[in-house]
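Breakdown of the fold
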Amino acid sequence: MTKPFLSVELLTQQFPDGAGDTLTVFENATFSVAEGEFVCILGHSGCGKSTIMNVLAGLAEPTSGTVIMDGEEISGPSLDRGVVFQNYSLLPWLSALKNVMFGVAARHPDWSKSEVQAHSEKYLAMVGLDGDAIHRKPSQLSGGMRQRVSIARAFANHPKLLLLDEPFGALDALTRGTIQDELLKIWNGTNQTVFMITHDIDEAILLADRILLMTNGPFARVAEAVEITIPRPRRREEIIDHPNYYAIRNHLVHFLGSRSKELAGQSSGSGANSPETIRIDRTEKDTPETDDDPTHQAHLRAVNE
Amino acid sequence: MVQKIDMRSTLLSLTILFVGVFIWHAATHVPDTGPTGVELSQGEMDTLLGKNMLSEDIEYYATQGVEFAQLEQIASLNLSRSMIEAAGGIQALGISAPDENSAPAPGSLFPSPTQIGKELWATIADPFYVAGTNDMGFGIQMGYSLLRVLIGYSLSAAVAIPLGFLIGMSPMFYKALDPFIQVLKPISPLAWMPIALFTIGDSELSSIFVIFICSLWPMLTNTAFGVANVRSDWVNVARTHELSTTKTALTVILPAAAPTIITGMRISIGIAWLVIVAAEMLVGGTGIGYVVWNEWNGLRLDRMIVAILLIGVVGMLLDAAFARLQRAVAYAE
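Residues numbered from 1 in each chain as written. Chains lettered and ligands numbered in written order. Predicted model: local features only at pLDDT ≥ 70, side-chain atom pairs only at ≥ 80, totals over all residues. Heavy atoms only, no water.

Assigned secondary structure in chain B consists of 15 helices and zero strands. Its C-alpha radius of gyration of 33 Å places chain B more than 25% over the 20 Å reference for a compact globule of 333 residues. Expressed along its principal axes, the backbone C-alpha trace of chain B runs to roughly 115 × 60 × 35 Å. Residues counted as buried form 37% of the 333 residues belonging to chain B. By sequence separation, contacts in chain B at least 24 residues apart represent 70% of the contacts at least 6 residues apart. Here chain B displays about 18900 Å² of accessible surface, and carbon together with sulfur accounts for 66% of that area. Separation between the mean location of the 16 positive side-chain charges and that of the 26 negative ones in chain B comes to 24 Å. (Helix = DSSP H or I, 4+ residues; strand = E, 2+ residues; numbered from the N terminus. Rg over C-alpha atoms; globule rule 2.2 N^0.38 Å. Buried < 20%, exposed > 50% of the residue type's maximum accessible area, 1.4 Å probe, protein only. Contact = heavy atoms within 4.5 Å. Areas by Shrake-Rupley, 256 points an atom, 1.4 Å probe, with all protein chains shown as cover. Lys, Arg positive; Asp, Glu negative; His and termini not counted. Charge placed at Lys NZ, Arg CZ, Asp CG, Glu CD.)

Residues and elements named next belong to chain B. On the surface, Val159, Leu163, Leu166, Met172 and Phe173 cluster together into a nonpolar patch covering about 390 Å² of accessible area. For the nonpolar patch, the elements supplying multiple residues, two or more each, are helix H8 (138-169) and helix H9 (171-184). Sorting elements by how many residues they give to the nonpolar patch places H8 first, with three residues. When you line up the elements, phenylalanine 173 lands in helix H9. (Patch = residues over 30% accessible without salt bridge, like charges linked within 9 Å, V, L, I, M, F, W, Y side chains within 5 Å. Salt bridge = Lys/Arg side-chain N within 4 Å of Asp/Glu carboxyl O.)

Listed as interface residues are 20 residues of chain A and, on the opposing side, 17 residues of chain B. Looking at the side of chain A facing chain B, the largest losses of area belong to Leu59, Trp93 and Phe102 of chain A, adding up to 34% of the total buried there. Applying the counting rule to chain A against chain B returns four residue pairs in polar contact (both at pLDDT 80 or more). Considering every element that reaches the side of chain A that touches chain B, the biggest residue donor is helix H2 (residues 96-107) of chain A, with three residues. Split into classes, the residues belonging to the side of chain A that touches chain B amount to eleven nonpolar, seven polar and two charged. (Buried area = accessible area lost by both parts, 1.4 Å probe. Polar contact = N/O pair within 3.5 Å; in protein donor to acceptor, adjacent residues only side chain to side chain. Nonpolar A, V, L, I, M, F, W, Y, C, P; charged D, E, K, R; others polar.)

All names here are of chain B. In the contact formed by H8 and helix H15 (residues 301-329), the axes pass within 11 Å of each other and the chain directions differ by 40 degrees. Taken together, the axes of H8 and H15 are oblique relative to one another. Crossing of H8 over H15 shows right-handed handedness. Each of Phe138, Met142, Leu146 and Tyr153 in H8 lies in contact with H15, whose residues at this interface are Arg303, Val306, Ala307, Leu310, Ile311, Val314, Leu318 and Phe322. For the contact of H8 with H15, the per-class residue count stands at eleven nonpolar, no polar and one charged. (Axes fitted to C-alpha atoms, helices over the stretch in contact; angles between N-to-C directions. Parallel < 35°, antiparallel > 145°, perpendicular 65-115°, else oblique. Left-handed = near helix turned anticlockwise from the far one by under 90°.)

What follows concerns the domain arrangement of chain B. Assigned domains of chain B: these are domain 1 (42-92) and domain 2 (123-329). For domain 1 of chain B versus domain 2 of chain B, the separation of C-alpha centres amounts to 69 Å. (Domains from an automatic or database assignment.)

Moving on, we get to the sheet that holds strand E4 (residues 64-69) of chain A. Residues and elements named next belong to chain A. On the basis of which strands lie adjacent, the open sheet formed by four strands has the order E2-E1-E4-E5 and antiparallel pairing. Two strands in the sheet have a free side with no partner beyond their single neighbour: strand E2 (22-33) and strand E5 (72-73). Where strand E1 (residues 6-16) meets E4, five bridges bridge the pair, whose relative direction is antiparallel. Bridging from a neighbouring strand, glutamate 9 pairs with threonine 66 of E4. Across the face of the sheet, helix H1 (residues 49-57) comes into contact with E1, E2 and E4 while running at roughly 120 degrees to E1. (Pairing = 2+ DSSP bridges.)

All names here are of chain B. On the secondary structure map, serine 268 appears in helix H13 (residues 245-283). Under the relative-accessibility criterion, serine 268 is labelled buried at 0%. A polar contact of 2.5 Å, which involves the side chain of serine 268, links it to the backbone oxygen of serine 215. Apart from residues lying up to four places away in sequence, serine 268 is in contact with Tyr153, Ser215, Pro218 and Met219.

Moving on, we come to the packing of aromatic side chains. Under the criterion given, the structure shown has ten aromatic pairs over all chains. When the ring of tryptophan 234 of chain B is compared with that of tyrosine 331 of chain B, the centres are 5.9 Å apart and the planes differ by 75 degrees; the resulting orientation is edge-to-face. Taken together, the positions of tryptophan 234 of chain B in helix H12 (residues 232-240) and tyrosine 331 of chain B in the segment after H15 put the pair 97 residues apart, joining distant regions of the chain. Within the aromatic cluster, the residues linked to one another by ring pairs are Trp93 of chain A together with Trp234 and Tyr331 of chain B. (Phe/Tyr/Trp six-rings, centres within 6.5 Å; stacked < 30°, edge-to-face > 60°.)

With that settled, the discussion passes to the packing of helix H4 (residues 143-156) of chain A against helix H5 (residues 173-188) of chain A. Two measures define how a pair of helices packs: the angle their axes make with one another and the distance between the axes. Residues and elements named next belong to chain A. In the contact formed by H4 and H5, the axes pass within 11 Å of each other and the chain directions differ by 15 degrees. One element, H4, and the other, H5, form an angle in the roughly parallel class. Regarding H4 and H5, the two cross each other, and that crossing is right-handed. Counting all contacts with H4, which are made through Gly144, Arg148, Ile151 and Phe155, the residues of H5 involved are Thr175, Thr178, Ile179, Glu182, Leu183, Ile186 and Trp187. The class makeup of the residues in the contact of H4 with H5 is six nonpolar, three polar and two charged.

For the bond running from arginine 232 of chain A to proline 233 of chain A, omega is -5 degrees, close enough to zero to count as cis. Take proline 233 of chain A: it is sitting in the loop between strand E10 (222-227) and helix H7 (236-239). A positive phi is found at asparagine 52 of chain B, a non-glycine position, where the angle reads about 70 degrees. The topology assignment puts asparagine 52 of chain B in the loop between helix H2 (42-50) and helix H3 (55-63). Asparagine 52 of chain B gets classed as exposed once you look at its relative accessible area, which sits at 62%. Unusually for a residue other than glycine, leucine 299 of chain B sits at a positive phi of about 50 degrees. Locating leucine 299 of chain B in the fold gives a position in the loop between helix H14 (288-297) and H15.

This brings us to the pattern of salt bridges. In the structure shown here, the tally under the stated rule is 26 salt bridges over all chains. One salt bridge connects arginine 148 of chain A with glutamate 182 of chain A, and the closest N-O pair in it is separated by 2.8 Å. With arginine 148 of chain A in helix H4 and glutamate 182 of chain A in helix H5, the pair connects residues that are 34 residues apart, well separated along the chain. Judged by relative accessible area, arginine 148 of chain A falls into the buried class, the value being 14%. Close ionic contact of aspartate 202 of chain A with arginine 249 of chain A constitutes a salt bridge, the shortest N to O distance being 2.7 Å. Of this pair, aspartate 202 of chain A sits in helix H6 (residues 201-207) while arginine 249 of chain A is found in helix H8 (residues 243-262), placing the two residues 47 residues apart along the sequence. Look at aspartate 202 of chain A and you get partly exposed, because its relative accessible area is 30%. Overlapping salt bridges bring together Glu119, Asp135, Glu295, Arg300, Asp302 and Arg303 of chain B as one network.

This part covers the side chain of serine 7 of chain A. Residues and elements named next belong to chain A. Inspection of the secondary structure assignment puts serine 7 in strand E1. For serine 7, a relative accessible area of 5% puts it in the buried group. Separated by 2.8 Å, the side chains of serine 7 and glutamate 9 make a polar contact. If we ignore the near neighbours within four places in the chain, the residues touching serine 7 are Phe31, Ser32, Thr66, Val67 and Ile68.

See the structure below:
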C-alpha cells in the first residue's frame, strides 16, 4: 500500500475543563485521505470536528500526534492548505474581487496586478459571480454570494488540500443546493483533495468519496469510514434513485441517531483509533439480498485497514 | 420623511438662535445714551433769575443735563448764551457738564449682539493685520494655535499609533505598559505644564509638549483596543495565506482597526484644541487662547467674545474633518 497523501496519526486533543482537570476531545485519532479524494466528516456538535479541521489548517496545535501531508509534517498554517470558514471570513473593507485578489497575490507574489486580477475574475466566474457583483463589498452580498467568494478565494490558490468548515451551514436549503452543485462542478475539473465538515447527510453523500463518522465526545473517535459507492458525476435528482443511496443514507442516519452515542465516552487506551471501513454496494451481484437494515452485520462488508 | 425631519430641525435651530440672540439683545440693550434733562425747583429757578440769567438759557442748559451748581457758575460768568457758544461751549470755560460720553449707561456693560456682529465682521474682513505684539489679527493668532496643535498632535500620533499596535498585538507589552498608562492618563494636561516649563524651559515648546501628552492617551488606548479586538477570523485568513507579521499588520489589522483608531484620533484632536486655549492663557505671548486672556485684561469683551466664538468654529471644523475621515475608513460587517 502506498503512503497516503494525508495521514493523521495518533492525534489527541485535550483542553483544561475549567475545574482543574483535562477534557479529552478526541484521542489517538488515526485516518488518512488519498490524493484527489473528497472526504466529508460527520458527527454531532462538540465531537471535535472543528478541532481536527483547525489542526489540519495549522491554526491549532494538537496535544499530541502528527499530521503528515505529502510526506511532510504539518506545522503552522500554509498556503498549501486552503480554508473556507463557516462564516465566510471575507475582509469586509474589500470588494469581492479584492478579497480573491488578496489570496491570489499572497500565493503568487511575483504576479503583476493584472495577472492577479484576471486569475481572480476567472475563479469568481466559475462560482457564478461576474459583472457588477464582484465589485461589491461583502456586506452588500447575500450569504450565498459571500460563500461563493470564499470558495473562489480558496480554489484560486490551488491548495494541495482544501479544508471546508461547514461551508453551507449558514445558508438556506435552496442556496445550499446551488452552491453544492457549483462546488461539484469546480471540483470535477481539478483533482483537488478536499476535507469537509458537514452536518448534512445528503450533502455528504452528494459530494464525498468517503464519509468519516465520528462518535460523540468526550473521547470522540473516528469510528467508521463509509465509502460512497455511487458513480460520478452525481446529480442530486439522479442519485436518489441509485440502489445504494438509501442503504448508505440509512446507515448514516442510524450511526448519528444511536450508534454515535453507544460508541462514545471511553478512553480506549494507547492504541490507534482507526476507522472501520464500511462498503455498502447493492449493485454488486454477490451481495446477498436480505432485510433493509443497513446496520445488520451480515449485510456489510467490514474491512479493517 | 428624512427631508421633513431635516427641515423641521433646521427650523428649530433657527428659532433657538433667534430667541437666544433676542434675549441677549434685550439684556444688553442700551436705549439712549444722551444726557437726561435736569428738573429745577422754583427756588433754584428764582435764584438763577435773580443772577440775571435768561429764563430761556436756564431751560436750555437744564435740558442738556447741567446741574444747578453748574448753572450758578454759568450765571456768575454773566455772559449770554451766544457768547458762551462762541467761546467753545461751557466745557471750554471749565464748567463740567455731561456730554454723550459721560452719560451713564442704563443697560449692561456686556456687549450686545450688534456690537459682536460688527467686531466679527471687522475680524473676518481683515483677519491678518499686525499692529503690534498685543494687537494682531485673529487669523494670525489662530494660525499660531493651530500650528502648535498640528506639531504636538502629529508627534503624538507618530508615537501613539505604532505603540498602540505593539500593545494591541502583544499581550506581554499590554500587561507591562498598562500600569503606566493607567496612572499617566488621568493627569490633567495642564498639570504637566510646570514640569514642561522647568525641564524644557521654552514656553512655546512647553505648550507643544502639553498638546503632545494630552493627545497621546486616547490615540494609544483606542489603537491598542482596536488592534487587540480585530476578529480572529480575519487574522486566521492572514495566517492561512502565510502573510508576514508586518504584512498582516498593514493589510489586515490596520484596515480592520482603522475605525477605532480614527475614533481615538478624533477624541484626541478635540482634547488638544481644548487644551491649547488653556495652555496659551497660561504661558501667554501668542495664540488664540492668549487673545482671550489679553482682551479680558483690556476689558474688550466684544473682541474676547469674537475670539471665543472663533475657537468654537475652528474646533467644530477640526472635528468635522475627522468625522469625514471616519466615514472613509468605516466598513459594514
